[in-house]
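Listed below, chain by chain, are the residues.
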Amino acid sequence: CSLAMGKLQSKITFHTSKYRADGFMEEPGPVRAVRQHSPAHTDTVTAVAALQPDLCVSGGRDKSVAVCSWRTGAVLHRFIGHKREVTKVTCTLDSNRVFSASRDKTVMMWELHETSGPSQLFSGHDLVVTGLAVSPDASQLCTGSRDNTVCKWDIETGECLGKAAISRNLVTHLCWVPGEPYVIQTSEDKTIRVWDSRELQVAHTFPTKRHIQTCCDVSPDGRFCLSSSSGSAGEGGEVTLWDLRQTRSQVREYKGHFQTTTSCIFLPRSLALAPSIATSSYDSTVKVWDQGTGGRG
């Protein structure tokens, strides 16, 4: 299925129209009304993540981090401390801790029920922080930046436990493999790397893609990962499924976006009968795909 989306400030409507790579759009189906809430930010929303079953956390160009209720739309907490735009937010599900990265080169940790300021500051990158992932046991944090480095941090002390640099490795996204010491990283050098967080060394590098890799995600069982590509005019924009445990090779590509694909996620099994993934793009659509066949619902 395809969801057509407008500007963040505008009313959101859902369509069943489908975009093809050649730019042709099929006839739209019925439009369903969607509940609309007051804006959580005063400027562009740059990142969002699930926090608890009924809460989400978002970051914005307004330099703030907001915790909102999915159900009511109410902003329950707002954290102020970054000096520039927030680029990434993350957390561990069912926890009271929120992490935010920023163009001010720092990462901050916030306690859900504290309003006095960040409870921890992670400072050590030389440029904007563009990758952020928390270990499964919530003891460590991994960050990446356009300064070509990946860092590992002790969450409790804020100490930098390691820093690794690779030439031209402009990090775009990070995600931690559930139950494993491995971190997946995408980069502007068109590469997807698997880091072993114990020694902060690259354990595996997937074959280089043709376009910048913009985002990544790992399946809940840790068997597969996704990466999304930049693109324009129907060239590029694909999402790739990779095998993490057996062949460590490409499994499948999902093609249909005709501009840069900005994000990709594995959908919870409770939302679909078959394993599915969702992708979003600069072409103003969100697409849902059958993971096994590559078909769209």
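So, how was this worked out
- Residues numbered from 1 in each chain as written.
- Predicted model: local features only at pLDDT ≥ 70, side-chain atom pairs only at ≥ 80, totals over all residues.
- Heavy atoms only, no water.
- UniProt positions renumbered as here; feature names shortened; annotations may be inferred.
- Helix = DSSP H or I, 4+ residues; strand = E, 2+ residues; numbered from the N terminus.
- Pairing = 2+ DSSP bridges.
- Axes fitted to C-alpha atoms, helices over the stretch in contact; angles between N-to-C directions.
- Phe/Tyr/Trp six-rings, centres within 6.5 Å; stacked < 30°, edge-to-face > 60°.
- Lys NZ or Arg CZ within 6 Å of the ring centre and 35° of its normal.
- Salt bridge = Lys/Arg side-chain N within 4 Å of Asp/Glu carboxyl O.
- Core = buried A, V, L, I, M, F, W, Y, C linked by side-chain atoms within 4.5 Å.
- Buried < 20%, exposed > 50% of the residue type's maximum accessible area, 1.4 Å probe, protein only.
- Disulfide = S-S within 2.5 Å.

**Focus on the UniProt feature "repeat: WD" (unreviewed entry) in the protein**
The UniProt record marks residues 79-112, 122-163, 171-205 and 254-290 with the feature "repeat: WD" (unreviewed entry), using the residue numbering of this structure. Overall, residues 171-205 shows 0% helix and 63% strand. The separation of its end C-alpha atoms is 14 Å.

**A short note on the sheet that holds strand S3 (residues 55-60)**
Taken together, 4 strands build an open sheet; the order of strands is S2-S3-S4-S5 and the sheet is antiparallel. Each of the sheet's edge strands pairs with one partner strand only, and the pair in question is strand S2 (45-52) and strand S5 (75-80). On average, each strand axis in the sheet is tilted by 20° relative to the strand beside it, whichever way the strands run. Pairing geometry for strand S4 (residues 64-69) and S5, over 5 bridges, is antiparallel. Bridging from a neighbouring strand, Val 67 pairs with His 77 of S5.

**Notes on the packing of aromatic side chains**
Within the structure shown, the criterion is met by 4 aromatic pairs. The residue whose ring lies beneath Arg 248 is Tyr 182, and the NZ or CZ to ring-centre distance is 6.0 Å.

**Some words on the pattern of salt bridges**
A side chain of one charge can pair with a side chain of the opposite charge if their charged atoms are brought near each other. Applying the stated criterion across every chain, the model contains 11 salt bridges. Glu 85 is the partner of Arg 61 in a salt bridge, and the nearest nitrogen-oxygen pair spans 3.5 Å. Of the two residues, Arg 61 is situated in the loop between S3 and S4 and Glu 85 in the loop between S5 and strand S6 (86-91); the sequence distance between them amounts to 24 residues. A salt bridge links Lys 209 to Glu 253; the shortest N-O distance between them is 2.6 Å. Of the two residues, Lys 209 is situated in the loop between strand S17 (201-205) and strand S18 (213-218) and Glu 253 in strand S23 (residues 250-254); the sequence distance between them amounts to 44 residues. It is possible to trace a salt-bridge network through shared partners that takes in Lys 209, Glu 238, Glu 253 and Lys 255.

**Some words on the sheet that holds strand S7 (residues 97-102)**
Strand order in the open sheet formed by 4 strands is S6-S7-S8-S9, and the pairing between neighbours is antiparallel. In the strand order of this sheet, the two ends are held by S6 and strand S9 (120-123), each with one partner. Direction aside, neighbouring strands of the sheet carry axes that sit 20° apart on average.

**Some thoughts on the pairing of S23**
Relative to S23, strand S22 (residues 239-243) runs antiparallel, the two sharing 4 bridges. The partner of Thr 240 across the bridge, within S23, is Glu 253. Taken together, S22 and the strand that follows it, S23, pair antiparallel across an intervening segment of 6 residues, in which Arg 248 is found at a positive phi of about 50°.

**Looking at the nonpolar core**
Ranked by size, the top nonpolar core spans 15 residues in total, and within it Leu 51, Val 57, Val 65, Val 67, Val 89, Val 98 and Trp 110 carry the most contacts. Broken down by secondary-structure element, the contributors of at least two residues to this core are S2, S3, S4, S6 and strand S8 (106-111).

**What to know about the state of the cysteines**
Counted under the stated rule, the structure contains 0 disulfides. Cys 215 forms no disulfide, and the closest cysteine sulfur to it belongs to Cys 264, at a distance of 4.4 Å. Here Cys 225 is not cross-linked by a disulfide; its sulfur's nearest cysteine counterpart is in Cys 175, at 6.9 Å.

**A closer look at the pairing of strand S16 (residues 192-196)**
For S16, the buried fraction is high: 5 of the 5 residues fall into the buried class. The hairpin turn running from strand S15 (residues 182-187) into S16, its antiparallel successor, is 4 residues long, and Lys 190 in that turn takes a positive phi close to 75°. In the sheet, S16 pairs with S17 via 4 bridges, with the strands oriented antiparallel. Considered in S17, the bridge of Val 194 is made with His 204. Turn length for the S16-S17 hairpin, with the two strands adjacent in sequence and antiparallel, is 4 residues, and the turn residue Leu 200 shows positive phi of about 50°.

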